[in-house]
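# Descriptive analysis of the structure
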Amino acid sequence: MHPLPADRAPSVRRMSSIRRTLAWAAAVLVVTGSAVAVTGAAGSGAAAPAGSFSQVTNFGSNPGRLSMYSYLPAGLPSNAPLVVALHGCTQSAADYYQHSGWAQYADQWGFAVVFPQQSSSNNPQSCFDWYTPSDDGRGQGEAESIHEMVSYAQSSYHVDAKRIYVTGLSAGGGMTSNLLADYPDVFAGGAIDSGLPAQCATSLVQATNCQYSNQNKTPAQWGDLVRAADPGYAGPWPRVAIWQGTADTTVSPVNATEERDQWTNVWGISQTPSSTRTLGGGTTESVYNDPQGQPAIELYSVSGMAHGLAVHPGSGADNCGSTGTYYLDYICSTYYTALFWGLNNGGGTPPPTTTTTNPPVQCFTDNNYAHTVAGRAYQSGGYAYAVGSNDAMGLWNVAVITSLSETSPGYYAVVPSC
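Residues numbered from 1 in each chain as written. Predicted model: local features only at pLDDT ≥ 70, side-chain atom pairs only at ≥ 80, totals over all residues. Heavy atoms only, no water.

### Quick notes on the side chain of Ser126
Applicable threshold: The way it works is that DSSP assigns letters per residue, a run of H or I at least four long becomes a helix, a run of E at least two long becomes a strand, and they are numbered from the N terminus. Three labels apply to residues, based on accessible area from a 1.4 Å probe with only protein chains included: buried if under 20% of the type maximum, exposed if over 50%, partly exposed otherwise in between. By the convention used here, residues are in contact when the closest approach between their heavy atoms is within 4.5 Å.
Examined against the element boundaries, Ser126 turns out to sit in the loop between strand S5 (112-117) and helix H3 (133-136). Since its relative accessible area comes to 4%, Ser126 is described here as buried. Here Ser126 is in contact with His87, Gly88, Cys89, Thr90, Gln91, Gln118, Ser119 and Ser120, once residues within four sequence places are set aside.

This is how it looks when you write it as structure tokens:
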């Protein structure tokens, strides 16, 4: 996400020492002390977390001046997985803990969760700095602070170094992308929720462009940004889930397409999905398999969802979280992300791919305006994008003609011709 929330104008990048004394006026819940009891975090009908949520001080070097909070389920076994969960702008670690559903599944499946927290003295909107090299590069600033939290969890919670994952919303999603690129040797997988591609920006101006506009990079160019973040590293690469709402006006849906292009290129696999299926909440899941036939990248497009994290309160196995600002009731993204990472079976690899039989492919050739009227595309910033794949189609007008292939119900991709 942009350094500021949807209803605010972009802020200047890191403030001077004098301006850092200004406090952001919005009320942000900050939890201090040791163990903190929070009830109702799992959402209506679900059991409240049974473990402890607490702040950790002196976790190591902290060049980014972040705070660390942890959720440890009761009876956490040694060699358990670890999830690092990054909040969005105007949010806090406690906010993300309460609404996202990660504590619920940590209790159920036995893994630890670390919730880094941004400071309003770093950014008045409490946004993680995903666009400044001194904060989002390997060994630098906020990225290194988060890495130090992971190291602390390894030594103190005895988690499995091969099963460490990172997820984040909005600006936290942008930082997640960069962490996956900066530390591919640390993270086995990631989930980018309404976020940005790795290393998309190195300044506030570029960050704004990334947030709202198609950057017109090839998959190879996107992949090169990841490869350059940790030169010499050749794999294995993290498995990446991408979540994006089609009605997001804060982070343009084209970012999801760019993230898909980036990580499929890094993996050396096709940008054409191996399979697609329709899930609840108007969600289309596209799976991109590795050469061994296992999911490497998964793209979840949530029809009609604005900017936020997809949650779905309730008592079912696939219900999680609670609604709030930027927590939107469509589908439990946390549940599907955890399944993708294999957290439900204690393993370090995702469960076998579900074979989906798709209906015969249909193809439509029309102008971009007509495609949007027919529901095959949507417009953002004067450009048209295919529903489902989020493929860029060019200007949103009657002069640009595009062919779209419907590979599964409600999922369209740009093709050369019909």
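Next comes the rest of the account.
### Things to note about the packing of aromatic side chains
The line we're drawing: Here the aromatic set is Phe, Tyr and Trp, taking the six-membered ring for Trp, and pairing holds for ring centres within 6.5 Å; pairs whose planes are under 30 degrees apart are stacked, those over 60 apart are edge-to-face, and all others are tilted.
Applying the stated criterion across every chain yields a total of 21 aromatic pairs. With 6.1 Å between their ring centres and 75 degrees between their planes, Trp102 and Phe111 make a pair best called edge-to-face. A relative accessible area of 0% places Phe111 in the buried class. When the ring of Tyr335 is compared with that of Tyr336, the centres are 5.1 Å apart and the planes differ by 85 degrees; the resulting orientation is edge-to-face.

### Some points on the sheet that holds strand S17 (residues 392-395)
What counts here: Paired strands, as defined in this entry, are two strands with at least two bridges between them according to DSSP. Angles here are taken between N-to-C directions and fall from 0 to 180 degrees, while the axes themselves are lines fitted to C-alpha atoms, restricted in helices to the stretch in contact.
Spatial strand order, S15-S16-S17: three strands in an open sheet with antiparallel pairing. Sheet topology places strand S15 (377-380) and S17 at the edges, where each strand pairs with a single neighbour. Averaged over neighbouring strand pairs, the angle between their axes works out to 25 degrees when direction is ignored. Of the strand pairs in this sheet, strand S16 (residues 383-386) and S17 are connected by three bridges, and their pairing is antiparallel. Its bridge partner being in S17, Ala384 is matched across the sheet by Gly394.

### A short note on the pattern of salt bridges
A side chain with one charge can pair with a side chain of the opposite charge if their charged atoms come near. The cut-off we apply is this: Here, a salt bridge means any side-chain nitrogen of Lys or Arg that lies within 4 Å of a carboxyl oxygen of Asp or Glu.
Tallied over the full model, the rule gives eight salt bridges. The partner of Asp230 in a salt bridge is Arg138, with the nearest N and O atoms 3.4 Å apart. A residue pair is termed long-range when its members are at least 10 positions apart, and Asp230 in the loop between helix H7 (219-229) and strand S8 (239-245) and Arg138 in the loop between H3 and helix H4 (141-157) qualify at 92 residues. The partly exposed category is assigned to Arg138, whose relative accessible area is 35%. The residue Asp290 makes a salt bridge to Arg239 at a minimum N-O spacing of 3.2 Å. Linking Asp290 in the loop between strand S10 (283-289) and strand S11 (295-302) with Arg239 in strand S8, this pair joins segments that are 51 residues apart in sequence.

### A word on the confidence of the model for the protein chain
What counts here: For every residue, the predictor assigns a confidence score, pLDDT, that lies between 0 and 100.
Averaged over all residues, the pLDDT of the protein chain equals 86, while 84% of them reach at least 70. Ignoring residues within four places in sequence, the model shows residues 2-46, a span with pLDDT below 50, making 103 contacts including any to other chains. Across residues 347-359, confidence stays below pLDDT 50; counting only partners more than four residues off in sequence or on other chains, it has 37 contacts.

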